[in-house]
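The primary structure of each chain is shown beneath.
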Amino acid sequence: MEKKNNYISALQYSIIALLMSNSLFVGLGTMIILNISKQDSWITVGAAGLVGLIPILLLIYIINYHPALNIFNKNTKLFGSFLGNIINVMMIILVFITLTINIWDLSNYASTKYLSETPIIFVTIIFIIPIIYACYKGIETIGRTSEILVFLGLILFAFIIWSLLGYSEFDNIKPILVNGINPIIEGGIRYISYIMIPFFLLSVIPKNDIVDNKNTTKYLISSYLLSILSMFIVLYMSISVLGIDIASLYRYTEYYLMKKIEVFGVLENLENFFAIHWIFNMFTLNTMTVYFIMTYFIGIFKVKKDKPKLIIILIIASLSVISSLYIFKNSTTAVHFMKNQYPILVALPIFIIIVISTFLISIKKKAK
Amino acid sequence: MNKKYFVLLIALILCTTGCWNYKELNEIAIIGAIGIDYDDEKELFDISVQILNAKKTSSGSSSGSEQQSPVTVYQSKAKTIHEALRNIVLESPKKLYLGHLEILVFGEGFAKKHLEDGVDFFLRDLESRKVFNIVLAKEDKASNIIKILTPLEGMPAHSILQSILSASKNKGIATDITYDEFLSQIYANGTEAVIPTIIIDGKVSDGTDSKDTSTTAPKTKLRIGTLGIFEDFKLKGYLDQDESIGYNLLQNNLDYSIFSFPCDDKKNYAAVEMNSAKSKVSLSIKDDKPKADIKISIEANLTEYNCKSNLSDEKVIEEISKKAAKNIKGKIDKVIKASQEKYNIDFIGFGEQVYLNNYSYWKKHKNEWKNIFPNIEYKINLDLKLPKKGSIINSAKEG
């Protein structure tokens, strides 16, 4: 009999998706979109959100196929043992790159904003410890933690947006489409490639591990739409409050946006609320990424006991910490990589795997 | 086994407490204001910082420290602002802390020629909040402004900030503008930045002496001046008082102000106090020419009336409203004329209205906007309501 901590509810499943996709708020995601699409960034998110539904629906289609299997087992079933294993290894490499970038992003943020004199290795370690613990405890712990974090995050988010309303100027988002539709398409491609990965990570959880799995599709689409709405609000607020010239100048736009807020003349430094909100999201994203890789190796080595599982997690965590220290020379390289290489090197192959898998599933279903 | 992990976790957490970044309060020098000048001869930034005197603050108003200044000013020069700030550690025993910066003062010379070279640091710096206010030392150096002590507020930086806020809200000759808002105006299409100014009334040497602030009539005081106008990153001139009020009315920056106007032909005056104002500037394109339509609605109270009239008569009140409206309209007219004719700088933001609402026209004509802007025809519709006339119902002269 499987352990109880391998099961989550459909709500927790969708909450994990929401938290992970909201991690695009700070760091590299919004900055890149703001710099490409300028004052049309909010349109970009709206339009890309609709187009982005395609890979999400394809993913749901894959998740629904053989609900007892995780993505790795599905791949070997769909592509055969040899090709399936090659695809699995490729996926692990791509997800590991994503993990490394995310850990770099998180520790770089903390180091830039709060702990500028602390060696970055220690900042990274402090972030990785709870991730190791959550992964070790299993998906149920991740789900429950996310459930707590999402409500805290939503309260913080609602409070921040309410505080910002008074500063928002509609004129700042005008004129629209000044540079035509190309920046929207370019920004949209990036946005879809960033938001697709968090949802892809969920495919590691077999649908049968979701207790009330009938609601999964409904909840997952809802959390996707909610994350699009959140991102839309964040970008709209960034542009309408700061103006596009200043908004696109900052490395952490939303963080500086928060610095403007003063509630009732007493509450200041609300940027730290936002930072907490973002760290919650990044924690969930990184935990799920480690969990994804861990699940693969547990399957490969047929691990049943806790000790080897912990060793696998520690190895993944250590490798990601070490590689995050060396992955980018500086933030310019990081931005360049995320803007130009990531969509092609990481997101595109994953999208191709999703499309081919969907195609094969539909053929197999028809053949039946 | 679990104990081992627990000990390992605790050990790791102890290593990662972030103590590398700790700063004791007594080890940092809290900066309230920074002044930026430029030494043209040596081609160096000349930075002056006003630091809160913690010794004075902690000892309160004990007799021994009564004559001690609440702030200390340090000055330094370097090729970059950051280096100049860091050079101050050679004189100050504490490391400078920018987190509580309230005011950034630009010297006139710096604002005229070198502003563009000096804006980066304060945007890039991690320590400072970007919401500090800015002010221009009118016809003066920023370092002089920084040195002047203020009588009613212990911290001069805070005093300057409060004066700007008060002059902006209650008089209308200043504009409360933060650093990021100022830069946003500079970067914006079709408009130019405007900045509040500050003037020293008296000798600098008197103003730096704390004895001066302990008298009932200090010899030297800081006074908020009228607005300074920029084109791109360069200071181009100043508006006068009426023009500054007109500007703030047009920009919806003004809520309260007093307007005095003649109420008869015998050089007698009346005053109204504005309680609320709302303006809307819209531009339309007709025959390939932009035309401005300015709508302003004001609610004001009659606060002084030194003429002889029957204020119970509604026609008289209507007449007073018209005269007050004419006076206010004159200020708006004056500021538009100043922008179109005197400076040919679109700080009113007509171009911005075109950019926001008629982008195709802006795209076509942005390079020739300097020629189009002075010829823009405008119409001012001012609706002034005068619902209250104070504690008395008639003119005091009328009896």
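Residues numbered from 1 in each chain as written. Chains lettered and ligands numbered in written order. Predicted model: local features only at pLDDT ≥ 70, side-chain atom pairs only at ≥ 80, totals over all residues. Heavy atoms only, no water.

What follows concerns the overall build of chain B. Within chain B one finds 16 helices and 13 strands. Considered along the principal axes of its C-alpha atoms, chain B spans approximately 90 × 60 × 60 Å. Residues classed as buried in chain B amount to 50% of the 399 residues present. In chain B, of all internal contacts separated by at least 6 residues, the share reaching a separation of at least 24 is 70%. If you sum the accessible surface of chain B, you get close to 19900 Å²; carbon and sulfur atoms cover 49% of it. Computed over 55 positive and 55 negative side-chain charges, the inter-centroid distance for chain B is 2 Å. (Helix = DSSP H or I, 4+ residues; strand = E, 2+ residues; numbered from the N terminus. Buried < 20%, exposed > 50% of the residue type's maximum accessible area, 1.4 Å probe, protein only. Contact = heavy atoms within 4.5 Å. Areas by Shrake-Rupley, 256 points an atom, 1.4 Å probe, with all protein chains shown as cover. Lys, Arg positive; Asp, Glu negative; His and termini not counted. Charge placed at Lys NZ, Arg CZ, Asp CG, Glu CD.)

A word on the sheet that holds strand 12 (residues 289-305) of chain B. Residue and element names in this part refer to chain B. In space, the 4 strands of this open sheet follow the order 10-11-12-13, with mixed pairing throughout. Of all the strands in the sheet, the pair left with one neighbour each is strand 10 (257-262) and strand 13 (377-388). This sheet shows a mean twist of 40° between the axes of neighbouring strands, independent of strand direction. Helix-sheet contacts for helix 13 (residues 314-342) involve strand 10, strand 11 (269-286), strand 12 and strand 13, and the interaxial angle to strand 13 is about 145°. (Pairing = 2+ DSSP bridges. Axes fitted to C-alpha atoms, helices over the stretch in contact; angles between N-to-C directions.)

Once that is clear, we can look at the packing of helix 8 (residues 139-164) of chain A against helix 13 (residues 271-300) of chain A. Residue and element names in this part refer to chain A. The geometry of helix 8 relative to helix 13 is characterised by a closest axis approach of 9 Å and an angle of 155° between their N-to-C directions. As summarised for this structure, helix 8 and helix 13 are arranged roughly antiparallel, according to the angle between their axes. Considering how the two elements wind past one another, helix 8 and helix 13 form a crossing that is left-handed. The residues of helix 13 that touch helix 8, namely those facing Ile-139, Ile-142, Thr-145, Ser-146, Leu-149, Leu-152, Gly-153, Leu-156, Phe-157, Phe-159 and Ile-160, are Phe-273, Phe-274, Ile-276, His-277, Phe-280, Phe-283, Thr-284, Thr-287, Met-288 and Tyr-291. Its residues placed into classes, the contact of helix 8 with helix 13 shows 15 nonpolar, 6 polar and no charged. (Parallel < 35°, antiparallel > 145°, perpendicular 65-115°, else oblique. Left-handed = near helix turned anticlockwise from the far one by under 90°. Nonpolar A, V, L, I, M, F, W, Y, C, P; charged D, E, K, R; others polar.)

Moving on: the interface of chain A and chain B. Listed as interface residues are 30 residues of chain A and, on the opposing side, 29 residues of chain B. Summed over the shared surface of chain A and chain B, the number is 0 salt bridges. Here chain A and chain B share 3 residue pairs in polar contact (both at pLDDT 80 or more) between them. At the level of elements, helix 6 (81-113), helix 7 (120-137), helix 11 (244-247), helix 12 (253-259) and helix 14 (306-326) of chain A are the ones that each hand at least two residues to the side of chain A that touches chain B. For the side of chain A that touches chain B, the leading source of residues is helix 7 of chain A, giving 4 residues. Along the lines of polarity and charge, the residues of the side of chain A that touches chain B split into 16 nonpolar, 5 polar and 9 charged. (Salt bridge = Lys/Arg side-chain N within 4 Å of Asp/Glu carboxyl O. Polar contact = N/O pair within 3.5 Å; in protein donor to acceptor, adjacent residues only side chain to side chain.)

What follows concerns the pattern of salt bridges. Residue and element names in this part refer to chain B. Applying the stated criterion across every chain yields a total of 15 salt bridges over all chains. A salt bridge links Asp-201 to Arg-223; the shortest N-O distance between them is 2.7 Å. Here Asp-201, found in strand 7 (residues 194-201), pairs with Arg-223, found in strand 8 (residues 221-231); they are 22 residues apart in sequence, far enough to count as distant. The salt bridge partner of Lys-334 is Asp-242, with a shortest N-O separation of 3.9 Å. Taken together, the residues Lys-334 in helix 13 and Asp-242 in helix 12 (residues 241-250) connect sequence positions 92 residues apart. Assessed through its relative accessible area of 32%, Lys-334 is described here as partly exposed. Looking at Asp-242, the relative accessible area reads 29%, which means it is partly exposed. Connected through shared salt-bridge partners, Asp-240, Asp-242, Lys-331 and Lys-334 make up one network.

As a further point, take helix 15 (residues 331-367) of chain A. Residues and elements named next belong to chain A. An ideal rise of 1.5 Å per residue puts 54 Å on 37 residues; helix 15 measures up with 50 Å between its terminal C-alpha atoms. Along helix 15, the sharpest change in direction is near 65° and occurs at Tyr-342; proline Pro-343 comes one to four residues later. The opening residue of helix 15 is Asn-330, an N-cap whose side-chain oxygen sits 3.1 Å from the backbone nitrogen of Thr-332. (Expected span 1.5 Å × (residues − 1). Bend = angle between axes of the 7 residues up to and from the residue.)

The subject of this paragraph is the side chain of Thr-30 of chain A. Residue and element names in this part refer to chain A. Mapped onto the elements of the fold, Thr-30 is located in helix 2 (residues 29-37). Judged by its relative accessible area of 1%, Thr-30 is buried. Engagement of the side chain of Thr-30 in a polar contact is seen with the side chain of Glu-254, the distance being 2.5 Å.

The next point concerns the domain arrangement of chain B. A common way to express how large an interface is: the accessible area buried when the components associate. Residue and element names in this part refer to chain B. For chain B, the assigned domains read domain 1 (26-238) and domain 2 (243-388). In this structure, domain 1 and domain 2 have C-alpha centres spaced 32 Å apart. Interface of domain 1 and domain 2: buried area, both sides summed, is about 1700 Å²; carbon and sulfur atoms make up 54% of it. Considering only the surface of domain 1 that becomes buried against domain 2, Asn-189, Gly-190 and Ile-229 emerge as the three largest contributors, covering 27% of it. For the pair domain 1 and domain 2, the interface holds 1 salt bridge. Here Glu-231 and Lys-370 are joined by a salt bridge, their closest N and O atoms 2.6 Å apart. Our enumeration of links across domain 1 and domain 2 arrives at 12 residue pairs in polar contact (both at pLDDT 80 or more). Elements with a contribution of two residues or more to the side of domain 1 that touches domain 2: helix 8 (156-171), strand 8 and strand 9 (234-238). When residues of the side of domain 1 that touches domain 2 are assigned to their parent elements, the largest contribution, 5 residues, is made by strand 8. Considered class by class, the residues forming the side of domain 1 that touches domain 2 number 8 nonpolar, 10 polar and 5 charged. (Domains from an automatic or database assignment. Buried area = accessible area lost by both parts, 1.4 Å probe.)

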